[in-house]
Each structure stands twice: as C-alpha cells, then as structure tokens.
Amino acid sequence: MDYLELIDFYKKEKNTSKLLPMHKNFYKEAEELIRNSENDVEKTNITNTFDFLKEKRIQKILMYIAYDKQIGNEVADEENEIYSKIRAVLKKGKIQNSTKIKINMDVPEIITNTGTKLGPYNKNEIIDINSNDDVMFIIENNIGEKIG
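What you see is a predicted model; the values in this text were computed from it and never measured.

A.B. asks: Mind laying out the overall build of the protein chain, listing which residues take part and the relevant values?
C.D. replies: Of the regular secondary structure elements, the protein chain holds 5 helices and 5 strands. Seen in sequence order, the protein chain has helices and strands lined up from the N terminus as α-α-α-α-β-β-β-β-α-β. Over its C-alpha trace the protein chain gives a radius of gyration of 19 Å, far above what one expects of a compact globule, namely 15 Å for 148 residues. Across its three principal axes, the protein chain shows a C-alpha extent of roughly 60 × 30 × 25 Å. Sequence-distant contacts, at least 24 apart, represent 60% of the contacts inside the protein chain between residues at least 6 apart. Seen as two clouds, the 23 positive and the 26 negative side-chain charges of the protein chain have centres 4 Å apart.

Encoded structure:
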C-alpha cells in the first residue's frame, strides 16, 4: 500500500454510506506505511488520512449496529472485533428478546405498518428483530422467515 492508495480509498469511503470492502490486513499495512515514512510532512499526512478513514468507518459500523445490520465479511479484522464487542455490550443490556429472521430476497429500505424503517437487506442475510409487529410484517409479506 502507498499513500495514494490510502487517499483514494478514503475518498471512496467518504462518498458512500456503506462500508466498502477492505482486506483483512488493511490497518496493519497502513500502520506500516506510517512507520516507514521518512519525511515528517508525509508521515503527518498519512497519519491524518488514516485517522479520518478509521473515524469514518467506525461511524458507519455504529450505524450498522444502530440499524441491526451485519457488516459483512470484507472488513478488516480490527473492525470485525469492534463490531462484535459493541454488539456484545449492547446485547447484555437488552431486556427484550429478539427473533432471528432469514431474509428471502434483496430488499430496499421499507416502512412497516407501524412506521418502522427496516432494511435494506440482502438475500440470505440473517437479522435480529425486536418488535413482534415487525417480525409479523416480514413473515406475512414473504420477505423473510423465522429461524432458530
């Protein structure tokens, strides 16, 4: 990885609401790029770009958690760990039971009869739904099915 690749990836990440696919060792490679920089100005620029990128991706991870969406497999190991730890902390505090649903088709964001926004979801995605009304909406409209 070089500085131009880092900048290019940051620009793409900044212009979308989804987490872009990232290889597992991205953070390690970026940190190595910073360590190997000999020029102080370049080192500062790389560090700032990397910090902005991490911040943007963590914001997106938090949004995925807020909307109860999976982040997918194409993220860095560090991001997977952050996602899992935050979800675990939140699950400990949950009082309501959730229902696991397997989505049957690609679905854009939808609004249920109760006004709840759900989605977007991908076919075969497994989600947790807390509201019985939302579970019934998904099942009755053949969007997904209960599992487990």
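Read on for the rest.
A.B. asks: I'd like to hear about the pattern of salt bridges, residue by residue, with values.
C.D. replies: For the coordinates displayed, the defined rule picks out 10 salt bridges. For Lys-60, the salt bridge is made with Glu-13, and the minimal N-O distance between the two is 2.7 Å. Taken together, the residues Lys-60 in helix 3 (residues 40-66) and Glu-13 in helix 1 (residues 3-14) connect sequence positions 47 residues apart. Here Lys-60 matches Glu-13 in class, with each residue buried. As a salt-bridge pair, Asp-68 and Arg-87 come within 3.2 Å of each other at their nearest N and O atoms. Of this pair, Asp-68 sits in the loop between helix 3 and helix 4 (77-93) while Arg-87 sits in helix 4, and the two are 19 residues apart along the sequence. Overall, the relative accessible area of 16% leaves Asp-68 in the buried class. Judged by relative accessible area, which is 12%, Arg-87 ranks as buried.

A.B. asks: Explain helix 2 (residues 26-36) residue by residue, including any values.
C.D. replies: Each full turn of the α-helix corresponds to 3.6 residues, which orients residues three or four apart in the same direction. Taken together, the buried positions of helix 2 are occupied by Phe-26, Tyr-27, Ala-30, Leu-33 and Ile-34. One side of helix 2 holds all its buried residues, which, seen down the axis, span an arc of 120°. For helix 2, the exposed residues lying more than 90 degrees away from the buried face are Arg-35 and Asn-36.

A.B. asks: Let's hear about the environment of Glu-78: which residues, and what values?
C.D. replies: The residue Glu-78 is located in helix 4 in this model. Once the C-alpha coordinates of Glu-78 and His-23 are considered, the two residues, 55 residues apart in sequence, prove to be 11 Å apart. When neighbours within four sequence positions are excluded, Glu-78 is seen to be in contact with Lys-24, Tyr-27 and Lys-28.

A.B. asks: Describe a negative patch on the surface, and please don't skip the residues or the numbers.
C.D. replies: The grouping of Asp-2, Glu-5, Glu-29 and Glu-32 at the surface amounts to a negative patch. Position of Asp-2 relative to the elements: it lies in the segment before helix 1. By relative accessible area, Asp-2 is classed as partly exposed at 37%.

A.B. asks: Give me the lowdown on the packing of helix 1 against helix 3, citing residues and values where you can.
C.D. replies: Relative orientation of the contacting elements helix 1 and helix 3 amounts to 30°, with a least axis distance of 10 Å. In terms of their interaxial angle, helix 1 and helix 3 are classed as roughly parallel. Seen from above, helix 1 lies across helix 3 with left-handed handedness. The residues of helix 3 that touch helix 1, namely those facing Tyr-3, Leu-6, Ile-7, Phe-9, Tyr-10, Glu-13 and Lys-14, are Asn-45, Ile-46, Thr-49, Phe-50, Phe-52, Leu-53, Lys-56, Arg-57 and Lys-60.

Here is what the cut-offs are and how they apply
- Residues numbered from 1 in each chain as written.
- Predicted model: local features only at pLDDT ≥ 70, side-chain atom pairs only at ≥ 80, totals over all residues.
- Heavy atoms only, no water.
- Helix = DSSP H or I, 4+ residues; strand = E, 2+ residues; numbered from the N terminus.
- Rg over C-alpha atoms; globule rule 2.2 N^0.38 Å.
- Contact = heavy atoms within 4.5 Å.
- Lys, Arg positive; Asp, Glu negative; His and termini not counted.
- Charge placed at Lys NZ, Arg CZ, Asp CG, Glu CD.
- Salt bridge = Lys/Arg side-chain N within 4 Å of Asp/Glu carboxyl O.
- Buried < 20%, exposed > 50% of the residue type's maximum accessible area, 1.4 Å probe, protein only.
- Arc of directions from axis to C-beta.
- Patch = residues over 30% accessible without salt bridge, like charges linked within 9 Å, V, L, I, M, F, W, Y side chains within 5 Å.
- Areas by Shrake-Rupley, 256 points an atom, 1.4 Å probe, with all protein chains shown as cover.
- Axes fitted to C-alpha atoms, helices over the stretch in contact; angles between N-to-C directions.
- Parallel < 35°, antiparallel > 145°, perpendicular 65-115°, else oblique.
- Left-handed = near helix turned anticlockwise from the far one by under 90°.

In short, shape yes, function no, at least from these values alone.
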